[in-house]
Every structure is written in structure tokens, then in C-alpha cells.
Amino acid sequence: MGKMDFLSPKAIANRIKLKGLQKLRWYCQMCQKQCRDENGFKCHCISESHQRQLLLASENPQQFMDHFSEEFRNDFLELLRRRFGTKRVHNNIVYNEYISHREHIHMNTTQWETLTDFTKWLGQEGFCKVDETPKGWYIQYIDRDPETICRQQEEEKKKKQDLDDEEKSARFIEEQVKRGLEGKDQETPVYTELNRENEEEKVVFNLNKGASTSAAAQPQPSLFGPSGLKTVGAALMVKRKETSISGQPKEKKRKTALDEIIELEEEKKKSARSDYWLQPEIVVKIITKKLGEKYHKKKAIVKEVIDKYTAVVRVIDSGDKLKLDQTHLETVIPAPGKKVLVLNGGYRGNEATLEGINEKTFSATILIETGPLQGRRVESVAYEDISKRA
């Protein structure tokens, strides 16, 4: 019988089977070879290549076991960190996702016999928080990345700084109130006892403040008499003189304490910046090389922002969805006239139109389109503070 053709249905079926996952008991970790059935695995075990690998392993078996254990631990923790972050998850879920990759290290070649032993070891070494429940073992990754720790310290400093600013503003308001009260003469009320000299006499209260009994008793002169007309004419002359004098430029009105507080709050808002800038529905560029050349320098659209610093993006060319940190992304500056979104500063979250780009200073000029400051032109906006609108 002739040799099987490369394009025959049987050859194609065999190649398809080789691509898929096979049973773990028919996999040889030393040779990194996957067999399709028990007979194939038996033939591989008696082959010369397998015997040579066993001889090499018998010379220093501990070295091979330590190597496989280290690779299994690193890959498992990397998957746990990237896929689930610091969330509490069942250990079997993570393990099933780990072994779904064809080229993975099998646990039977490591120092751990079962997944439970490996989970307990992670808790003892301090890699994860481990707890046992009636449903099984749960693990939670402990992030000790220096960048994460530095980011948490910066957040704490920022919160402390905000509290200090609030205390300063409260003190400033108190000083303004004291300064306003110093200019006024505060009259201390004098309380007297109400006594009736005659019990039969009615008590009368005069509620008209400043009105005297003597003035009320005298009759007021009529405005239509001769003396009344003279009085009105004199008053008109005085009023004209006052208006002629008032034609001179007046002094500027002094700012009140409330106006000064409002100006301080606006300046604080404009100068306020944060260390996170991700926003949904913006176009970004992937700059990390850890994902390979397939995604390097590719543009993507932010679909979801997780914990302010992580984003779920969809690559425009291939449509693949990735979960990346903001340090692995950068903003995209469109052509003048296109829509952008402000990502940082006092105008954060407002849509704008890009009017011009200054390549020397790495800045741009934008026109705010939304918000209470609509129509305002802002110059010298840094590239990292704006990005193209999806």
C-alpha cells in the first residue's frame, strides 16, 4: 500500500487531531510529546529518544523537578494575576484555564502531587490568601508589584493633601468671617423686666423700629403747599449736584470673602491633576512588547475602565479584546478639526475640537464643546491629556 497523501482526508484529520488537546496521561513532559492513544504512548516509552531523556534525568532528578516546579508556579501566578487580579476565585477555575493551553507544564512532573497541596503551599509562602470552604479552596492573589505599591502610596498622599487643602480653606473662611465682624460694632442687647404700673392700663407695643412718639404726634406738612414745593425743589437741586459729581469714575468694588473663596476653588480645580487618565470610548495605542509584535503599536478602543488604572480594549484591526494597564497604553492625537476627549486637568471629561498642534512643545490647542465652559479656547494642552474620540 502506498504512502498516505498529505492532502488525503485521513492525513488532514490526523493533523486536526494533533492541534487539539489530548489526555494528560498520554503526555511525556521530559520529551514534551503528546500521544493520541495508549498504544502510541507505550511505543514512545520504549523509543530510544525517551530512554536517552530518562538517562539525563536520572543523573540529577532534583534539578529537573525544581525547574518544572518553578515554571509551573510562575505560569500559574501570572495567569492568576492577569486574568483575575486580586479577586477571590476558586482554585479549580484557575487550574482548568491554565491546562487549557496546550503547551503547559503538567503537575505530575512538579513537587506537588495534587492541586490542594499546591494551593496550601501558595498560602504558606505568602503568594496568595488561601481559605477553605465547603465548596473547596479559594485563593486571592497578593499584588506586591513595586509599581502597585508606589501607586497606593501616591493615592494616600493625595488623599492627605486634599484633607490639608480642606482644612486650609476652612481656616481661610473663619479668618474672613472674623475680619468682617471686626468692622461692625456689635451691640449687646439689654434685657429688662416687664412691669405694669397700672393693672387696668393696656399694654401697647410699638413695632416700628426707629419711630419716635414725638414725631408721630406732629402733623406732616403737605407737599402741595408753598413750603412743600420749596422743599421738593431744593431736594431736586441737591440730587442733580450729586449726579454730576457721581459722573466721575468710581473706585473698584472690593471683593468679598465669598468671591475670593470661589476664585480659589476654580484655580484649585484647574490645577487639579490625577495619576489616572483612562476614559471609555477613546482611541489608544498599545506600546508594550510583552504581547508580541501582533499587538505592538496597534490602535484600540477602550470599552471598559476597571479600578481607574486598567482598561478592557478592543483592537481595531483584529477585533481582539485585551485587558491592559494604562502604563502599556498611550493617547492618540488626531488631525486638526477632529473630536477629542480631555483626560486630565480642570476640563477632564469634556469633549473638545482639536484646532492646532505644536510639535515643538508637544502640546495642542483645543476648543471646549461641552460643559459649563463651552466655547472656551484652551492652549498648551499636553498630548497625554487628550485623546481621539472613538
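Residues numbered from 1 in each chain as written. Predicted model: local features only at pLDDT ≥ 70, side-chain atom pairs only at ≥ 80, totals over all residues. Heavy atoms only, no water.

Despite not being glycine, aspartate 307 shows a phi value in the positive range, around 55 degrees. As for its placement among the helices and strands, aspartate 307 is situated in the loop between strand 7 (299–306) and strand 8 (310–315). Judged by relative accessible area, which is 64%, aspartate 307 ranks as exposed. For lysine 308, which is not glycine, the phi dihedral falls at a positive 70 degrees. Looking at the element boundaries, lysine 308 is found in the loop between strand 7 and strand 8. On the basis of relative accessible area, lysine 308 is assigned to the partly exposed category, the value being 46%. (Helix = DSSP H or I, 4+ residues; strand = E, 2+ residues; numbered from the N terminus. Buried < 20%, exposed > 50% of the residue type's maximum accessible area, 1.4 Å probe, protein only.)

Another aspect to go through is the sheet that holds strand 11 (residues 339–342). Strand pairing in a sheet relies on backbone hydrogen bonds, with the paired strands running either antiparallel or parallel. On the basis of which strands lie adjacent, the open sheet formed by 5 strands has the order 14-13-12-11-15 and antiparallel pairing. Among the strands making up the open sheet, the edge pair consists of strand 14 (377–382) and strand 15 (386–388). In this sheet, adjacent strand axes meet at a mean angle of 45 degrees when their direction is disregarded. Examined bridge by bridge, strand 13 (residues 363–368) and strand 14 share 4 bridges and lie antiparallel to one another. Residue pairing across strands places leucine 367 opposite arginine 377, the latter belonging to strand 14. (Pairing = 2+ DSSP bridges. Axes fitted to C-alpha atoms, helices over the stretch in contact; angles between N-to-C directions.)

Among the residues of helix 5 (residues 91–99), Asn91, Val94, Tyr95 and Tyr98 are the ones counted as buried. Seen end-on, helix 5 carries its buried residues on one side only, within an arc spanning 100 degrees. In the core, the buried residues of helix 5 are packed alongside helix 4 (61–84), strand 3 (88–90), helix 6 (115–125) and strand 5 (136–141). (Arc of directions from axis to C-beta. Contact = heavy atoms within 4.5 Å.)

Residue placement: histidine 296 occurs in the loop between strand 6 (283–286) and strand 7. Judged by relative accessible area, histidine 296 falls into the buried class, the value being 15%. Separated by 3.4 Å, the side chain of histidine 296 and the backbone oxygen of threonine 288 make a polar contact. Setting aside chain neighbours within four positions, we find histidine 296 in contact with Ile286, Ile287, Thr288 and Lys289. (Polar contact = N/O pair within 3.5 Å; in protein donor to acceptor, adjacent residues only side chain to side chain.)

Turning to a nonpolar patch on the surface, a few remarks are in order. Side chains of Ile173, Val177 and Leu181 sit close together on the surface and give an oily, nonpolar patch of about 240 Å² of accessible area. Within the secondary structure, leucine 181 is located in helix 7 (residues 146–182). Taking the relative accessible area as the measure of exposure, leucine 181 reaches 44% and is therefore partly exposed. (Patch = residues over 30% accessible without salt bridge, like charges linked within 9 Å, V, L, I, M, F, W, Y side chains within 5 Å. Areas by Shrake-Rupley, 256 points an atom, 1.4 Å probe, with all protein chains shown as cover. Salt bridge = Lys/Arg side-chain N within 4 Å of Asp/Glu carboxyl O.)

What follows is about the environment of arginine 83. Position of arginine 83 among the secondary structure elements: in helix 4. C-alpha of arginine 83 to C-alpha of lysine 323: the two residues are 240 residues apart in sequence and 8.4 Å apart in space. Looking at arginine 83, its side chain comes within polar contact range of the side chain of glutamate 97, at 3.1 Å.

Of all residues in the protein, 79% have pLDDT values of 70 or greater, and the mean over the chain is 77. Segment residues 210–219 is flagged for pLDDT under 50; beyond a separation of four residues in sequence, or across chains, it makes 1 contact in the model. Segment residues 221–225: pLDDT under 50, and 4 contacts once partners within four positions in sequence are set aside and those in other chains are kept. (pLDDT = per-residue confidence, 0-100.)

Bringing the sheet that holds strand 9 (residues 321–325) into the picture now. Across the sheet, which stays open at both edges, the 5 strands sit in the order 9-8-7-6-10 with antiparallel pairing between neighbours. At either margin of the open sheet sits one strand with a lone partner, and together these are strand 9 and strand 10 (329–331). Strand after strand, the sheet turns through a mean of 45 degrees between neighbouring axes, direction not considered. Strand direction decides the pairing type here: strand 6 and strand 10, joined by 3 bridges, are antiparallel. Across the sheet, residue lysine 285 finds its bridge partner in strand 10, namely glutamate 330.

A separate point is a negative patch on the surface. A cluster of like negative charges, contributed by Asp162, Asp164, Glu166 and Glu167, occupies part of the molecular surface. Mapping aspartate 162 onto the fold places it in helix 7. (Lys, Arg positive; Asp, Glu negative; His and termini not counted. Charge placed at Lys NZ, Arg CZ, Asp CG, Glu CD.)

Taken as a whole and assessed by the stated rule, the structure comprises 8 salt bridges. Salt bridges sharing partners connect three or more residues here, namely Glu78, Arg81 and Arg82.

Attention shifts here to the side chain of aspartate 385. Structurally, aspartate 385 is set in the loop between strand 14 and strand 15. Accessibility expressed as a relative area gives 7% for aspartate 385, which makes it buried.

We now examine the environment of glutamate 384. Looking at the secondary structure, you find glutamate 384 in the loop between strand 14 and strand 15. Once the C-alpha coordinates of glutamate 384 and glutamate 330 are considered, the two residues, 54 residues apart in sequence, prove to be 7.3 Å apart. Sequence-distant contacts of glutamate 384, that is, excluding residues within four places in its chain, are made with Thr331 and Leu343.

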